[in-house]
Protein chains: 2
Amino acid sequence: MFDPVEKLKEFIRHPSISTDPKSLEGMRGAQQFVSGLLGSMGFAVEVVATPKHPIIYAERPGDPAWPHVVIYGHYDVQPVDPLNLWQSPPFDPAIRGNRIYGRGAADNKGPLMANIAAVARLLEKNPRIPLRITFLIEGEEEMGSPSFPAFLEKFKDRLKRADFVYLSDTALPNEQQVVITSGLRGLALFDLHVAGAKGDLHSGLHGGVFRNPIQALAEICAGLHTPDGRVDVPGFYDDVLDVQPWERDELKKLGVDEKRYAEFLGIEAFHTPPGYTPAEAVRFLPTLEFNGIGGGYQGEGTKTVIPSTAFVKISCRLVPNQKHDRIKRLVMDAIRERAPKDVRISFVDQHHGDPYVVVPPGRSNTPPDQSPVLARAFRAADAAVAEVWGRPPLYLREGGSVPIIAQIKRVTGLDSVMFGLFLPEDNLHAPNEGFNLDVMRKGTETTERILAAVAAG
Amino acid sequence: MFDPVEKLKEFIRHPSISTDPKSLEGMRGAQQFVSGLLGSMGFAVEVVATPKHPIIYAERPGDPAWPHVVIYGHYDVQPVDPLNLWQSPPFDPAIRGNRIYGRGAADNKGPLMANIAAVARLLEKNPRIPLRITFLIEGEEEMGSPSFPAFLEKFKDRLKRADFVYLSDTALPNEQQVVITSGLRGLALFDLHVAGAKGDLHSGLHGGVFRNPIQALAEICAGLHTPDGRVDVPGFYDDVLDVQPWERDELKKLGVDEKRYAEFLGIEAFHTPPGYTPAEAVRFLPTLEFNGIGGGYQGEGTKTVIPSTAFVKISCRLVPNQKHDRIKRLVMDAIRERAPKDVRISFVDQHHGDPYVVVPPGRSNTPPDQSPVLARAFRAADAAVAEVWGRPPLYLREGGSVPIIAQIKRVTGLDSVMFGLFLPEDNLHAPNEGFNLDVMRKGTETTERILAAVAAG
């Protein structure tokens, strides 16, 4: 008998931080754990080598005429710093109340395990079910999936034969209301470096005669937003898709409580562009954020230097139909143009991904042009969610990014059904990441029903 | 026979980083080395305990009627990071050409050793010379001399009996031209912390709805200077002493080559307030500098968080007659007033010190009101420098800070003769700190002559 929670604990114990060169063993362990699990379920498992971390591609043998779902997930996790803020060790899973804690519990090991469990049960109950299932589980999602494009090119002919992609790597607003994600933000990330004098200098002997690179960096960063919270880069909003009336309707049904949201974040006040509520801004507007800044002396006490360099890590979240390469160019051009001319600036390109949008049947006035199996999957999701959770799902774009969803669409034509399972309190990418075990159970049940309905035709 | 270079090597080998709790052994080693050396020269050495690092107070026995000089120095050094930029290990002194490299070589172990060597030779040649000499050598200069005020209170009656303070902890503009420092900048240091959400948050799920603390910090920092390079804080310049005509004359004689200075710094352009050359700005104007900034993810690759907090380390250099407490209050008030109201700010006070100025005899049109022994010391310095270096000294205020000089003046009434020995290329507070051995030799010779002349009366 397949015990999803015990399997999830085992999964979490592998410290699979893909961006950390010291985590190679944990990466290998997580990969072998998943491969072994799928193999034991009768899947033909291929471990596809990449320049960094392999991709697991596991197929259930079957008739080519059957409906075909590709279930996506990732076995890598975010770094764990600051470690001192964790209540229990990040790779030693702990259950407190109805929650399991550990790095990756919610992103993406728990939700992925729910989907693996759903398939295990489906096959247990009906070993001959007419459904082709392919698991596609990567190990580089948290580093921006650098090997995924080459993998897609290599596997595109096999993938094109499928009907749709199914995944649980998006959010649930609360335990009552399922949201199926109809759109994702894209990403454009880079670092900006500012250099002043050729070395660190004594702030007494030389202070006051040239521009401190921290000051130059602050001036640049402070100029990238308008006082009312918009990104102050020419052309930045040119390609932003207008919000559709049905999307605002769905969001109204969700009924976001702004006071509670502010309390949850622990902020003094929201700061959104004019005309957008926080719930709208996070779904329908692009951003420019500073993820990290550094320069000079950061230790205890003081060191009276003028640092030689300073840097900031910038990420833009993109919405349809913005393109990552154009946005990077616009932001870098604006920085180049505005930067003080007495410092030297340079950029280090990081990863990126385009945004994505899919329109479910029965929401928009204009019926979407999509495959019958995909439409059937959406309708099955409507029914299964209503049965398991007591309410039909809402279809909403969300603020997060799964850049490979747009890549899959572009290369293979496949759309995705994104049935999210992590909650706002799950602390993704932060200390004390956790996952709700009731949600896990209901998610497993829902996915099992959706897949059964897709197979039933 | 006293070999100053060998003694200096031994001194440098003690890693005496006063701000580093892990350097206690190095601190103790440096203190015991200096105490032992002075003891062997016939001084009565007192090691005065403080809450952190002891002060060495060593007196040459003598007649109370003799002229009395207090020679100041410090045995502690700056931290060594970034360690990878050092060509040789910071605490393993290396001689390359006519320079000795190591942390503290120039600040202050080399110059202090020159003065100890001068006294050793003076006493060797004339063991009965009618001069009272007191060494006052502290171990907390690089952390802002926190224990010095209490020490001064305790020792003020003994110190008041002296005539003047003599020290070599200031700069020489080049090997040809000695500058005796007639003024020092003060310091006012504090950290500013900005806090946003209660924890680090996922920049996709929550990005775009509230102000990122790095952005708030950048906005605050960018607002603290005017575009033309002045500090943009109301009242900041109120108490700045006008530059005296004789000071501009001395600076003209120095003849600063701005092109070479810019090349030495490795900067694209100077950025000084209107009406001041770089050489004037660094001596006669106050500053507000950012010594370090930090927040969010600073490692390799990316981490798409909105950090909960960010901070900056701020230092103001002050000129006569600014007061450190008033300046801190003005800057903090300006920050409080201007900071975005949707983030929380807080300050961590660091150390401070008031600026100092002394007028040598024969420069100003208004003869200074000072003790005859001090005036004699200045005249002896004029003569000794002219003999040893081939040119008389210039008297100039400098940009660095030795806050205890102003404290000594305030508590004991003693003025200081600051005969600087470190060169611009000595990399103070930076990797590859070094000290010129020719300068060391000439400095020793000059100090010996000055002290002999003071004793001769």
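Quick note: structure is the one above.
Reading the values: rules and limits
Residues numbered from 1 in each chain as written. Chains lettered and ligands numbered in written order. Predicted model: local features only at pLDDT ≥ 70, side-chain atom pairs only at ≥ 80, totals over all residues. Heavy atoms only, no water. Contact = heavy atoms within 4.5 Å. Buried area = accessible area lost by both parts, 1.4 Å probe. Salt bridge = Lys/Arg side-chain N within 4 Å of Asp/Glu carboxyl O. Polar contact = N/O pair within 3.5 Å; in protein donor to acceptor, adjacent residues only side chain to side chain. Helix = DSSP H or I, 4+ residues; strand = E, 2+ residues; numbered from the N terminus. Nonpolar A, V, L, I, M, F, W, Y, C, P; charged D, E, K, R; others polar. Pairing = 2+ DSSP bridges. Phe/Tyr/Trp six-rings, centres within 6.5 Å; stacked < 30°, edge-to-face > 60°. Buried < 20%, exposed > 50% of the residue type's maximum accessible area, 1.4 Å probe, protein only. Axes fitted to C-alpha atoms, helices over the stretch in contact; angles between N-to-C directions.

**Examining the interface of chain A and chain B**
Thinking step 1. Across the boundary between the two partners, chain A contributes 83 residues, which contact 83 residues of chain B.
Thinking step 2. Carbon and sulfur atoms supply 56% of the area buried between chain A and chain B, which totals about 7,200 Å² over both sides.
Thinking step 3. Inspection of the region where chain A meets chain B yields 4 salt bridges.
Thinking step 4. A salt bridge links B:D81 to A:K303; the nearest nitrogen and oxygen atoms lie 3.9 Å apart.
Thinking step 5. At the surface where chain A touches chain B, the tally comes to 42 residue pairs in polar contact (both at pLDDT 80 or more).
Thinking step 6. A per-element tally of the side of chain A that touches chain B places strand β11 (residues 287–296) of chain A first, with 9 residues.
Thinking step 7. Classifying every residue of the side of chain A that touches chain B gives 35 nonpolar, 31 polar and 17 charged.
Thinking step 8. Here 5 bridges tie β11(A) to strand β11 (residues 287–296) of chain B, and the two strands are oriented antiparallel to one another. Note that in β11(B) the partner of A:G292 across the bridge is B:G296.

**With respect to the packing of aromatic side chains**
Thinking step 1. Taken as a whole and judged by the stated rule, the model has 24 aromatic pairs over all chains.
Thinking step 2. Ring geometry for B:Y166 and B:F419: centres 6.5 Å apart, planes at 45°, overall tilted. Separated by 253 residues along the polypeptide, B:Y166 in strand β7 (residues 164–167) and B:F419 in strand β17 (residues 416–419) bring together distant segments of the chain. A single burial state applies to B:Y166 and to B:F419, both of which are buried.
Thinking step 3. Ring geometry for B:F378 and B:Y395: centres 5.6 Å apart, planes at 70°, overall edge-to-face. One end of the pair, B:F378, is in helix α10 (residues 372–389); the other, B:Y395, is in strand β16 (residues 394–397), with 17 residues separating them in the sequence.
Thinking step 4. Its relative accessible area of 1% is what places B:Y395 among the buried residues.
Thinking step 5. One aromatic cluster is present, built from ring pairs that chain together A:Y57, A:Y72, A:F148, A:F151 and A:F155.

**Some remarks on the sheet that holds strand β5 (residues 99–101) of chain A**
Residue and element names in this part refer to chain A.
Thinking step 1. If you walk across this open sheet you meet the 3 strands as β4-β5-β18, and the pairing is antiparallel. In the strand order of this sheet, the two ends are held by β4 (94–96) and β18 (434–436), each with one partner. Each neighbouring strand pair of the sheet contributes to a mean axis angle of 25°, computed without reference to strand direction.
Thinking step 2. Sheet analysis places β5 next to β18, joined by 3 bridges and oriented antiparallel. Across the sheet, residue I100 finds its bridge partner in β18, namely F435.
Thinking step 3. Relative to β5, helix α1 (residues 4–12) is tilted by about 20°, and along the sheet it contacts β4, β5 and β18.
Thinking step 4. Set on the sheet, helix α3 (residues 105–125) makes contact with β5 and β18; between it and β18 the angle comes to about 40°.

These results come straight from atomic positions and should not be treated as a statement about function.
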